[in-house]
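Residue-level structure breakdown
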Amino acid sequence: MIARALRSRWSLWGALALASAVAHGAPAQPTEAVDLTEPVDLAEPVDEAPRMADPAARLPAGGSASEHWEWTVRLDSGHWIVGRLVVTNFGPGERNAVVLGHVITPSGRSVLFKNGRLEDYWKLSEDRRSLDVGSSHLSLGASETRLRIDKDRARIDLRFEPQALPQPPADALPSGIGLEVLALAAPVHGTLQLESMPEPLAVRGHASLVHTWMTAEEGERVHRRLDFHALGDPALYILDWTEPGGRRSNWLLARIGEGEPIAFSNFAARLEGELPDLERPGYWVPAGIEWSGACVEGFAALSRTLRENDPLVFLPQPLRWLVGLRVQPHRVWATSGFGVTLRACSGRSPIELMGTGIAALTFMDPLTRP
C-alpha cells in the first residue's frame, strides 16, 4: 500500500513537471540553431469567417498527445492573471491534468497557483466542457466561460462570454497542431482575493482564451511560440511560431470596438534586440518585434518583464534532475507598447491600432540570439 502510494506520488510529480514545463513535451535531441529573423514568403491573406469554436476537450490520442486552454486576463485593478490548464498523455500515465498560473499584482509581485492530478483523480464532464482539477475549475459553457481557483494564496472567480471569431488557417499552424481562439479581449467580471486581502475584490477587465491541441510532442514541432495580446479596445492577438527547421508562420486577429473581427496570415515578423535583466540566461527574448506584409505593418516594444517561469523548479530532487535531462522549458511574460496598421485589403479601409499589450514567450529548449 505504501509503495503504491509512493509510486502514485512520483507519477503525479512527473506528470506535473512534464505537463507544466511546456505543457506538452520537448525534443529528445537538441535542435540546430536557426535564423529566427528570416522573413517568410508573403502571400495574399485569406479571410476566415467568424464562427463559434468548440471549446470542449478533444483528448487527442497518442503517447505524446496533449492539449491546453490558456487564459490571459488584464483587470482594471491593474492585476494580470496568466495561466493554463493542461491535459497530457506525455510522461507517466495518460490524461493527467495540470493547472499552473500566476496573479501579477500592480506592484509586480507574482502569486503562484497550481494543481496536478492523475487521470483518475480529476473530473471531466460528459460533454467535455467542464474540467475540475483539485481546487481549480474551468467551465466552458455555451453562453459563459468561468474560471475558478480556490487556493489559500489566490481565490479567483471570473466569468466572460465566448465569442464568434475567425480562426487560423491550417498553413498558419505547424503540422500536427490545432488552435482556436475562444475569446478575444472579452469583457470579464468577478472577484479576486489574494492572501493579503481581507475581503474579495470585485473586479472587471478583459480576458482572452486560446485552446491548443497536438498529437505529437510540441518540441518536435515548435522551437519557440510567441503570443502577443492587447486586452481592451483595440483588441489584438498575434501568434508567431518558429519551427525547429526554421520555418516561420504568423497569424493576426484584431477588433476595434463593436466592429467585426479581422484576421490576417502570411506576413513576416522580425525580432530585434534583447530584453535586458532576465533572470535565466540562454533564452533569447527580443526587445522589439516588427510585423510587415501586404496587409499588416507594425511593431511591439517589449519593456518590463512581468514574470519568468521555469516549471521544473517546482519539482523535488532527484526527479527535477531526471526530467531536466529531456526538457529545459522556459516561459517569459513582458509588457509591451505596440502600434499596428491594418492596410487597405479585401475592400477594407486602413485601420490604426495602438496601445499596451503583453507578450508571452514559450521556449521548448534554450535558444540564443542567432
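Values in this document were obtained by computation on a predicted structure and should not be read as measured data.

1. A closer look at the overall build of the protein
A tally of regular secondary structure across the protein gives three helices and 22 strands. In the protein, which comprises 370 residues, the share counted as buried stands at 56%. Residue pairs at least 24 apart in sequence account for 62% of intrachain contacts in the protein once pairs closer than 6 positions are excluded.

2. Here we look at the nonpolar core
One broad trend across soluble globular proteins is that nonpolar side chains are buried collectively. Core analysis: the biggest nonpolar cluster contains 36 residues, and W69, W71, I81, L85, V103 and F113 have the highest contact counts within it. In terms of residue count, strand β12 (residues 177-194) provides more of this core than any other element does, six residues in total. Judged by nonpolar contacts, the second largest core, of 33 residues, contains A269, Y283, V332 and A334.

3. A few points about the state of the cysteines
Counting across every chain of the model gives one disulfide. Sulfur-sulfur distance for the disulfide between C295 and C345 comes to 2.0 Å. Disulfide C295 to C345: torsion about the S-S bond roughly -100 degrees, handedness left-handed. One end of the pair, C295, is in the loop between β19 (288-292) and β20 (296-309); the other, C345, is in the loop between β21 (330-342) and β22 (351-363), with 50 residues separating them in the sequence.

4. A look at the packing of aromatic side chains
Counted according to the given criterion, the structure contains four aromatic pairs. For the ring pair F228 and F338, a centre distance of 5.6 Å and an interplane angle of 75 degrees mean the geometry is edge-to-face. Here F338 lies in strand β21 and F228 lies in strand β14 (residues 224-230), a separation of 110 residues in the sequence. According to the relative accessible area criterion, F228 is buried, its value standing at 0%. Look at Y283 and F363: their rings are 5.3 Å apart centre to centre, the planes differ by 70 degrees, and that puts the pair in the edge-to-face class. Here F363 lies in strand β22 and Y283 lies in the loop between β18 (268-272) and β19, a separation of 80 residues in the sequence. Each member of the pair, Y283 together with F363, is buried.

5. Some thoughts on the pairing of strand β17 (residues 262-265)
Neither face of β17 is open: one carries I262 and F264, the other A263 and S265, and all of them are buried. Where strand β16 (residues 248-255) meets β17, four bridges bridge the pair, whose relative direction is antiparallel. Looking at the pairing, L252 lines up with F264 of β17. A loop of six residues connects β16 with β17, the two strands running antiparallel in sequence, and G257 in this loop sits at a positive phi of about 55 degrees.

6. Some remarks on the confidence of the model for the protein
Averaged over every residue, the pLDDT of the protein is 85; residues scoring 70 or more account for 83%. Under a pLDDT of 50 for its full length, residues 1-46 has, in the predicted model, 119 contacts with residues more than four places off or in other chains.

7. A few points about unusual backbone geometry
Following D233, the chain continues to P234 via a peptide bond in cis, the omega torsion being 10 degrees. By the element assignment, P234 lies in the loop between β14 and β15 (235-242). Even without being glycine, L59 reaches a positive phi, approximately 50 degrees. Even without glycine at this site, A185 takes up a positive phi of about 50 degrees. Considering the arrangement of structural elements, one finds A185 in strand β12.

8. Comments concerning the side chain of Q193
Secondary-structure assignment places Q193 in strand β12. A distance of 3.1 Å separates a polar side-chain atom of Q193 from the backbone oxygen of M197. From its side chain, Q193 meets the backbone oxygen of P198 in a polar contact 3.4 Å long. Excluding residues within four positions of it along the chain, Q193 makes contact with R153, A154, R155, P198, E199 and P200.

9. Section: the sheet that holds β18
Spatially, nine strands are ordered β17-β16-β15-β14-β22-β21-β20-β19-β18 in an open sheet, and the strand pairing comes out antiparallel. Strands with a single pairing partner mark the edges of an open sheet, and in this sheet they are β17 and β18. Adjacent strand axes in the sheet meet at a mean angle of 20 degrees when their direction is disregarded. Relative to β15, β14 runs antiparallel, the two sharing seven bridges. Each residue of the ladder has a partner; that of F228, found in β15, is I238.

Quick notes on the rules
- Residues numbered from 1 in each chain as written.
- Predicted model: local features only at pLDDT ≥ 70, side-chain atom pairs only at ≥ 80, totals over all residues.
- Heavy atoms only, no water.
- Helix = DSSP H or I, 4+ residues; strand = E, 2+ residues; numbered from the N terminus.
- Buried < 20%, exposed > 50% of the residue type's maximum accessible area, 1.4 Å probe, protein only.
- Contact = heavy atoms within 4.5 Å.
- Core = buried A, V, L, I, M, F, W, Y, C linked by side-chain atoms within 4.5 Å.
- Disulfide = S-S within 2.5 Å.
- Phe/Tyr/Trp six-rings, centres within 6.5 Å; stacked < 30°, edge-to-face > 60°.
- Pairing = 2+ DSSP bridges.
- pLDDT = per-residue confidence, 0-100.
- Polar contact = N/O pair within 3.5 Å; in protein donor to acceptor, adjacent residues only side chain to side chain.
- Axes fitted to C-alpha atoms, helices over the stretch in contact; angles between N-to-C directions.

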